[in-house]
Amino acid sequence: METELERRIEAILMIADEPLSLVSLATALSAAVPAVRQSIERLVADYDGEAGGPRRGFELREVGGGWRLYVRDDYDDVVADFVLTQNPTKLSQAALETLAVIAYKQPISRGAVASIRAVNVDSVVRTLLGRGLITEAFTDSETGAIHYATTDLLLQQLGINSLDELPPLSPLLEDGAEGFDDAR
Amino acid sequence: METELERRIEAILMIADEPLSLVSLATALSAAVPAVRQSIERLVADYDGEAGGPRRGFELREVGGGWRLYVRDDYDDVVADFVLTQNPTKLSQAALETLAVIAYKQPISRGAVASIRAVNVDSVVRTLLGRGLITEAFTDSETGAIHYATTDLLLQQLGINSLDELPPLSPLLEDGAEGFDDAR
Amino acid sequence: MPQPPSGDAPAVDTVDADQTDAVAGAGEVEEGEKRFRVAVRGFEGPFDLLLSLIAKHELDITDLALSTITDEFISYLAGLDSEEELDQASEFLVVAATLLDLKIAGLLPRGELVDAEDVALLEARDLLFARLLQYRAFKEAAGWFSQRFDSEGGRHPRIVRLEEKYRARTPELVWTVSLQDFAALAMLAFAPKEIPSVGLDHLHAPLVSIREQAAHVVALLRRGEPMTFRQLIAGAELKGVVVARFLAVLELYRHATIAFEQLEPLGELTLRWTAESWSEESLASLGTDYGN
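Because the structure is predicted, anything quoted here is derived from the model rather than measured. Each chain has its residues counted from 1, following the order in which its sequence is written. The lettering of chains begins at A and the numbering of ligands begins at 1, in the order of writing. Under the rules for a predicted model, residues below a pLDDT of 70 receive no local features and side-chain atom pairs below 80 are neither given nor counted, while totals for whole chains, interfaces and linings still include all residues. Side-chain metrics in this entry use all non-hydrogen atoms of the structure; hydrogen atoms and water are not considered.

## Some remarks on the overall build of chain A
For chain A, the helix and strand inventory stands at 9 helices and 5 strands. Traced from its N-terminal end to its C-terminal end, chain A shows the element sequence α-α-α-β-β-α-α-β-α-α-β-β-α-α. Relative accessibility thresholds used throughout: buried, under 20% of the residue-type maximum; exposed, over 50%; partly exposed, between the two (1.4 Å probe, protein chains only). When each of the 184 residues of chain A is scored for burial, the buried share is 52%. Reported accessibility uses the Shrake-Rupley method at a 1.4 Å probe radius. Residues are deemed covered only where the shown protein chains occlude them. Surface exposure of chain A reaches about 8,000 Å², of which carbon and sulfur atoms provide 48%. A helix here means a DSSP run of H or I that spans at least four residues, while a strand means a run of E at least two residues long, and both kinds are numbered starting from the N terminus.

Pasting the structure below:
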């Protein structure tokens, strides 16, 4: 019965085109979330060769808050020729820095980002929106200022599951930031 | 060594969208065709549970002269249910707006749509493709960007015979839209 | 140790080796070769290193001739060709603006005369340091983002077209949009999105506004009579008001609207209106560096 659940999860993973959360898997399979979690764990171990079988050319990874099949990184070079990699153009330094500010300070208004960056960030914010890396979280009812937050797509592209996995800003900033906050 | 070949084939199958012939696999892996054939046979048996492991939720099948991973027939219902939940009968507002942008600006790349809509449109474009309302018109040879166009199905749904019958947008907005193009 | 602005600034001791390594190590996240290097009296090395030394109070900002750095930077700019280097250039501008503010704060007279005004100005200086630190921290974080994007960009998730048999079983689309509605949707999508400007003043109302104080200073000086700074701050009770008024004077000086005279170090500061054209708009752009 448990094994059967793993096979059904395998079938769905085969056609999924984005990371699937435990909840959405459980809903689709009419199964309990803990059971799905256990099955996922077993599948991960299975594909990693820890269940008696071979270490597969693919792996099951948790990225962006969900589970998805990936080519195992050992074989990324092997498949590179096979995929039409449409690598999006790299983000500029300005865009990366703005993204970092939003990631750590979200939800944050464009004006607040600009005051940290000390430059106008309008076009950069637009680029980040178009890339789907940030989204409009809410609009302040008093000031009308749109506040931005990062998206699951950002987590996916960073290969992490939650914002908690962002590296801590250096302790230097901690000191600095306090002074800065006071000033505002 | 032989086993290693199976893992590399597995990696390629995981991301291959089309059935792959033995020859194209052999070429990609710099391996001999007979060795690839044997590996494929072993993988088929492996996924079918004849190599000591479980009978997987997916299978390796030869279709149209090539090999591709498919959901195992036994799990068709599970997958069909899942697909159903992913595809409601009505298009979302985001999908409709994206469709409108493509209709008036075709052929247009996904990136260009994203920059007009200021959101990421990847999943919406997939939905529209899946619904047959848009199609891949051509791929820019330089950038590799796929350009999309609308289909006859859209014309039918709108009750018109050609794109010329789309109501003209006000000249003012045309300017605005062009401004955005420049800004990209 | 802070030095008075006039007089000979002693050469700063050479940076000890391990420190250089530490900072250079942090910078290696981004590729190193063609980065902007600075050579001013007492310091030679990457701009980054210069910054971190200033931030750690190990190099005195008042010892630096910013004009030399700027000159070097302009000639460095002339040799730029790639977009990446241009990124560095814009980064420099951000930091240079902060450095300039820092230097203005750093040039304040200090010495035996320690009074409330000086203390407040020192606090303002620390705030600018804080901004520098914050900028550096986010820059480092951006480096991490870039690395992750690169490494994750090389990974391959399974994305394949849905098999036809499943696609055929998806429920039929219920189309309810009329031709006119469809055109209206297009118009909605093409309409230039208003980018509402965000008045920071609403968000973090500052206790004292430099712009307001500048308006006050302008009003006093525009009458034409020179005034001493002491006269300018007469009646100001709040420490913050004095500081803001001083910063306003510096800002106005930067905009070449006023000139000042100081006959001897720590002597009386006399201010004079020199601007030929002045509009309220000029006032609006004042003090924006300070976030208000």
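Past the structure itself, the notes keep going.
## Brief notes about the pattern of salt bridges
Think of a salt bridge as a Lys or Arg side-chain nitrogen and an Asp or Glu carboxyl oxygen that are within 4 Å of each other. Counting across every chain of the model gives 29 salt bridges over all chains. When salt bridges that share partners are traced, they join Arg-56 of chain A together with Glu-6, Arg-7, Glu-10, Arg-42 and Asp-46 of chain B into one network.

## A closer look at the interface of chain C and chain B
Tallying the contact residues gives 32 residues for chain C and 49 residues for chain B. Counting the surface chain C buries against chain B, the share from its top three residues, Trp-175, Phe-182 and Phe-190 of chain C, is 21%. Across the contact surface, chain C and chain B share 2 salt bridges. With a closest N to O distance of 3.2 Å, Asp-76 of chain B and Lys-165 of chain C form a salt bridge. Contacts described as polar in this section are N or O atom pairs within 3.5 Å, which, within protein, must combine one atom able to donate a hydrogen with one able to accept it, while residues neighboring in sequence count only if both atoms come from side chains. Connecting chain C to chain B are 6 residue pairs in polar contact (both at pLDDT 80 or more). At the level of secondary structure, the elements contributing two or more residues to the side of chain C that touches chain B comprise helix 6 (164-168) and helix 7 (179-190) of chain C. Looking at which element gives the most residues to the side of chain C that touches chain B, the answer is helix 7 of chain C, with 9 residues. Each residue gets one label: Ala, Val, Leu, Ile, Met, Phe, Trp, Tyr, Cys and Pro are nonpolar, Asp, Glu, Lys and Arg are charged, and the others, such as Gly, are polar. Tallied by class, the residues present in the side of chain C that touches chain B amount to 20 nonpolar, 4 polar and 8 charged. Residue contacts are defined here by distance: any two heavy atoms, one from each residue, within 4.5 Å place the two residues in contact. Buried area adds together the accessible area that both of two parts lose upon being put together, with accessible area traced by a 1.4 Å probe.

## Focus: the nonpolar core
Residues Ile-9, Ile-40 and Leu-60 of chain A together with Ile-9, Ile-40 and Leu-60 of chain B are the most contacted members of the largest nonpolar core, which totals 58 residues. Not counting chain neighbours up to four residues away, the residues in contact with Leu-60 of chain B comprise Leu-13, Ile-40, Leu-43, Val-44, Tyr-47, Trp-67, Arg-68 and Leu-69 of chain B. Grouped together as the second largest cluster of nonpolar side chains are 36 residues, Ala-103, Ile-108, Leu-133 and Leu-169 of chain B included. Among buried residues, those of type Ala, Val, Leu, Ile, Met, Phe, Trp, Tyr and Cys that are joined through side-chain atoms within 4.5 Å constitute a nonpolar core.

## Quick word on the sheet that holds strand 3 (residues 227-228) of chain C
Residue and element names in this part refer to chain C. What makes two strands pair is DSSP finding at least two bridges between them. Pairing is antiparallel in the open sheet, where 3 strands are placed in the order 3-5-4. Pairing within the sheet leaves two strands with one partner each, and these edge strands are strand 3 and strand 4 (258-262). One ladder, built from 5 bridges, connects strand 4 with strand 5 (residues 269-273); its direction is antiparallel. Counterpart to Gln-262 in the pairing with strand 5 is Leu-269. Lines fitted to the C-alpha atoms define the axes, with helices restricted to the stretch that makes contact. Angles between their N-to-C directions range from 0 to 180 degrees. Against the sheet, helix 9 (residues 210-221) makes contact with strand 3, strand 4 and strand 5, and its axis sits at roughly 80 degrees relative to strand 5, the strand it touches most.

## Digging into helix 3 (residues 33-47) of chain B
Residue and element names in this part refer to chain B. By this rule the span expected of a helix is its residue count minus one, scaled by 1.5 Å. Between the first and last C-alpha of helix 3 there are 21 Å, a value that for 15 residues agrees with the 21 Å anticipated at 1.5 Å per step. Within the sequence span of helix 3, burial applies to Ala-35, Val-36, Ser-39, Ile-40, Leu-43, Val-44, Asp-46 and Tyr-47. Two residues or fewer past helix 3, Gly-49 is found with a positive phi of approximately 85 degrees.

## Comments concerning the packing of aromatic side chains
The relative placement of two aromatic rings is captured by the distance of their centres and the angle of their planes. Two rings belonging to Phe, Tyr or Trp (six-membered ring only in the last case) form a pair when the distance between their centres is within 6.5 Å. Interplanar angles under 30 degrees mark stacking, angles over 60 mark edge-to-face geometry, and anything in between is tilted. In total, this model carries 8 aromatic pairs over all chains according to the counting rule given. Geometrically, the ring pair formed by Phe-58 of chain A and Phe-58 of chain B is edge-to-face, given 6.0 Å between the ring centres and 80 degrees between the ring planes. Here Phe-58 of chain B lies in strand 1 (residues 58-63) and Phe-58 of chain A lies in strand 1 (residues 58-63), a pairing that spans two chains. Given the relative accessible area of 0%, Phe-58 of chain A is considered buried.

## Regarding the pairing of strand 1 of chain A
All names here are of chain A. Counting buried positions along strand 1 gives 5 out of 6 residues, so the element sits mostly inside the fold. Bridge count between strand 1 and strand 2 (residues 66-71): 6 bridges; the pairing is antiparallel. Bridge pairing in strand 2 links Glu-62 to Trp-67. The hairpin formed by strand 1 and strand 2 contains 2 residues between the paired strands, and Gly-64 there has a positive phi angle of roughly 60 degrees.

## A look at the confidence of the model for chain C
Residues and elements named next belong to chain C. Each residue gets a pLDDT score, which is the predictor's confidence in that residue and runs from 0 to 100. Across chain C, the average pLDDT comes to 67, with 49% of residues at 70 or higher. Per-residue pLDDT stays below 50 along residues 1-33; that stretch engages in 30 contacts with residues further than four places along the chain or on separate chains. Among the scores for the predicted complex, ipTM is 0.76 and pTM is 0.62.

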